[in-house]
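Notes for the structure review
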Amino acid sequence: MARALIIQLARLGDFVQTLPAIAALRARDQDTPLDVLCPSQLAPLAALVPDVHAVLPWDGAAWRRLAERAAGPFLQDQVREADRFVESLASEPYDVAYLLNQHPRALLAGSLLGRRVRGPRCNGPLDDRLTPWAQYLRDVATTRIGHRVHLSDVFCGLCGVLPPGRAPNIPVPAATLPADLASVGEQAGPWIGLIIGAGETERLVPTGVWRELITRLLREVPNSRILLCGQERERASLVQESLPASLLSRIWDATGRTDLLQLTALLARCHRVIGSDTGPLHLAAAVGAPVLGWYFARARVHETGPYGVDHLVWQADAGSAEHPGAWPIAESVAVLSGHRPPPCQGWSLWRSHCDRWGAYYAEEGQEAGPPQVREALWRDLEPAVT
């Protein structure tokens, strides 16, 4: 029986944005088992995805130890050890490996685990020539061109399949929660999840901004509750610093206390999740929670906005994207209150949509028709599947 492997060795956000490619590959060939190679810390999440047959966990710590020793007179021995490390993941090569990263470890994994490799390089890991979709990604990263193909849909292109036309979801895990978090989502709401951290420092929303948002939200939205999410316990303490006890009693702090499956379960209980362009924000969208993103510091809604339908993103204008002088606090509270938000200087509000060419965002108050450039790009870059 034919076997296929999809290789995604990047972080949480990139893995979640790989879900459309996984769904599209399975829809194209339902008889071919599709396995996933991903970082070991993401393996429990990958195992939840219905279209995934088996998960191969990549031990990043062990690989780093190999890389640190890769010098000196025993280099050849270390290279053979690296080969054995990769080959130990599977007893025999896959018929095809779909490669979504250009990092050397991913290129090596693809060349050793797949008889045939589909991905960013034209002819294997030693060929610097890029495939059309990989060149598109490079152009977007280096020139910030204004094309409108979402990263998830570029992953589909790298795999040679059209987007699935819908947003695949991750089933909510039956995770056991800490006792004080078990009631999240069950009491009166709405429950608002705040992702107060970020994988990149430049995408951190200042703690004072979170504090102001919490204050206005809890005072202006009746019965609202706040769930602080992420691993940054110190930032969570700073956010809650100086808040009155009457507000603290409506805040549940889950930071630094949950594993990935527990975080997934908690995000699914929220009526809305707010955060910058981070992995947990994409995870929230994937488990069905409506998302309100704050995008700045090189994050662009058209490239990495939460995938699906009716997610909202405040996009910082080009002139204020790196260090916004003002934040859409009152405007976000208006959204959470069910009101039409007023214009916010330095920001624009976008809503997500999905069609046969993938995800796209349209500015609120404007015509929501899909941008034609996406179809043109697909016909140009991947004519065999269009």
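Scroll up to find the structure.
These numbers come from a predicted model, not from an experiment. (Residues numbered from 1 in each chain as written. Predicted model: local features only at pLDDT ≥ 70, side-chain atom pairs only at ≥ 80, totals over all residues. Heavy atoms only, no water.)

Here we take up the pattern of salt bridges. Evaluation of the coordinates by the stated rule reveals 15 salt bridges. Of the charged contacts, one joins Glu 364 and Arg 351 as a salt bridge, the two residues approaching to 2.9 Å between their closest N and O atoms. Taken together, the residues span a long stretch of sequence, with Glu 364 in the loop between β13 (358-363) and α16 (372-381) and Arg 351 in strand β12 (residues 347-355) at a distance of 13 residues. Through salt bridges that share partners, Arg 11, Glu 200, Glu 202, Arg 203, Asp 277 and Arg 298 make up one connected network. (Salt bridge = Lys/Arg side-chain N within 4 Å of Asp/Glu carboxyl O. Helix = DSSP H or I, 4+ residues; strand = E, 2+ residues; numbered from the N terminus.)

On to the side chain of Thr 32. As for its position among the elements, Thr 32 is in the loop between α2 (19-28) and β2 (34-39). Excluding residues that lie within four positions of it along the chain, Thr 32 makes contacts with Ala 2, Arg 3, Ala 4 and Arg 26. (Contact = heavy atoms within 4.5 Å.)

Right, let's get into the packing of helix α7 (residues 132-143) against α16. Between α7 and α16, whose axes approach to 10 Å, the crossing angle comes to 135°. The angle between the axes of α7 and α16 places the two elements in the oblique class. Both α7 and α16 take part in a crossing whose hand is right-handed. Within the contact between the two elements, α7 uses Pro 132, Trp 133 and Tyr 136 and α16 uses Leu 377, Trp 378 and Leu 381. (Axes fitted to C-alpha atoms, helices over the stretch in contact; angles between N-to-C directions. Parallel < 35°, antiparallel > 145°, perpendicular 65-115°, else oblique. Left-handed = near helix turned anticlockwise from the far one by under 90°.)

A few words now on the state of the cysteines. This model, assessed by the stated rule, comprises 0 disulfides. The thiol of Cys 38 is not disulfide-bonded; the next cysteine sulfur, from Cys 159, is found 15 Å away. (Disulfide = S-S within 2.5 Å.)

Now for α7. When the terminal C-alpha atoms of α7 are compared, their 16 Å separation across 12 residues agrees well with the 16 Å that a helix rising 1.5 Å per residue should span. Burial in α7 covers these residues: Trp 133, Ala 134, Tyr 136 and Val 140. One side of α7 holds all its buried residues, which, seen down the axis, span an arc of 155°. The elements touched by buried residues of α7 are α8 (151-159), α14 (301-304) and α16. (Expected span 1.5 Å × (residues − 1). Buried < 20%, exposed > 50% of the residue type's maximum accessible area, 1.4 Å probe, protein only. Arc of directions from axis to C-beta.)

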